[in-house]
Amino acid sequence: MMKSVSGSPLIYNLIVWVDRILTRTVYLAYPLFLIVLFIQKDTGLIRAVLVPGISFIIVSVFRKMYDAPRPYVVFDTPSVIKKETLGKSFPSRHIFSIFIIASTVFRFFPTAGVLLGTAGVVMAASRVLGGVHFPKDVIAGAVVGIIFSVIGFAV
C-alpha cells in the first residue's frame, strides 16, 4: 500500500494536504464554536469545554499505557504523513478529537456537527492511507469520541 501511495506524487501530496488542512480546520473550528457559545451566553459552554477536555486526557493516558505500535513500525516502511512516534497508535487521538468535537458541536449546531463528522471520516482515511494508523485505530478513535460525548453530556 505505501509503495503505491509513495509512487504517486499526486496521491502522496493529497493525503498529506488533506490531513494537514482538516487537522487545522477542526482545531480552529472548536475555539470558534466555544466563542460563539460564550457570546450567546449558552449554559452548555462549560460542558462543551469539560467533556472533550477530560476525555482527551483519559484517551491520552490510555494510549500511553497501551502503547500500540504504528504501521510504519510494524511493517518497517516509511509513512506518507511524517511522524516519529514509535507507539501510541491506538486509538487515533486525531480521530478521537475530531469526533468528540463533532459530537459536541452537533448538540448545539447539528449541521456543523455533521460537517465536522464528515471531515472526520475523510481524516480517518488519510491517517490510514498516510501510514500512521491501522483501520482499528481510527475506528476506535471515532467510536470512543462519540461514546465519551454521549456519556459526558448525559451525566
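Everything discussed here concerns the structure shown above.
The following refers to the structure shown. Just so you know, these numbers come straight off a predicted model, no measurement behind them.

**Concerning the side chain of Arg63**
Residue placement: Arg63 occurs in helix H3 (residues 45-66). Despite its burial, Arg63 pairs with no opposite charge, the nearest such side chain being Asp137 at 7.6 Å. Non-local contacts of Arg63, meaning those with residues more than four positions away in its chain, are made with Arg70, Lys88, Ser89, Phe90, Pro91, Ser92, Arg93 and His133.

**A short note on the layout of surface pockets**
The gaps left among the atoms become clear once a water-sized probe is rolled over them. Of the volumes computed, that of the largest pocket is approximately 170 Å³. The greatest single-element share of the lining of the largest pocket, amounting to 5 residues, is contributed by helix H2 (residues 9-39). Looking at the lining of the largest pocket residue by residue, the class counts come to 4 nonpolar, 2 polar and 5 charged.

**Brief notes about the packing of aromatic side chains**
Geometry of an aromatic ring pair is reported as the spacing of the ring centres plus the angle between the planes. Enumeration according to the criterion identifies 9 aromatic pairs in this entry. Judged by centre distance (5.4 Å) and plane angle (10 degrees), the ring pair of Phe62 and Tyr66 falls under stacked. Of this pair, Phe62 and Tyr66 both sit in helix H3, 4 residues apart, which is roughly one turn of that helix. By relative accessible area, Phe62 is classed as partly exposed at 38%. Aromatic ring contacts, followed pair by pair, group Tyr30, Phe33, Phe108, Phe109 and Phe153 into a single cluster.

**Remarks on H2**
Counting along an α-helix, one turn takes 3.6 residues, and residues three or four places apart therefore face a common direction. Helix length check: H2 (31 residues) gives 44 Å between terminal C-alpha atoms against 45 Å at 1.5 Å per residue, within 8%. Of all the positions in H2, only Ile15, Val16, Val18, Asp19, Leu22, Thr23, Val26, Tyr30, Phe33, Leu34 and Leu37 are classed as buried. Lys41 occupies a position one or two residues after H2 and carries a positive phi of about 55 degrees.

**A short note on a nonpolar patch on the surface**
On the surface, a cluster of nonpolar side chains totalling about 550 Å² of accessible area is made up of Leu28, Leu32, Ile35, Phe38 and Ile39. For Ile39, the location among the structural elements is in helix H2. For Ile39, a relative accessible area of 61% translates into the label exposed.

The rules we used
Residues numbered from 1 in each chain as written. Predicted model: local features only at pLDDT ≥ 70, side-chain atom pairs only at ≥ 80, totals over all residues. Heavy atoms only, no water. Helix = DSSP H or I, 4+ residues; strand = E, 2+ residues; numbered from the N terminus. Buried < 20%, exposed > 50% of the residue type's maximum accessible area, 1.4 Å probe, protein only. Lys, Arg positive; Asp, Glu negative; His and termini not counted. Salt bridge = Lys/Arg side-chain N within 4 Å of Asp/Glu carboxyl O. Contact = heavy atoms within 4.5 Å. 1 Å grid on protein atoms, 1.4 Å probe; cavity = no way out; pocket = protein on both sides within 12 Å on 5 of 7 lines; lining within 4 Å. Points joined across faces, edges and corners; volume = space filled by probe spheres on them. Nonpolar A, V, L, I, M, F, W, Y, C, P; charged D, E, K, R; others polar. Phe/Tyr/Trp six-rings, centres within 6.5 Å; stacked < 30°, edge-to-face > 60°. Expected span 1.5 Å × (residues − 1). Patch = residues over 30% accessible without salt bridge, like charges linked within 9 Å, V, L, I, M, F, W, Y side chains within 5 Å. Areas by Shrake-Rupley, 256 points an atom, 1.4 Å probe, with all protein chains shown as cover.

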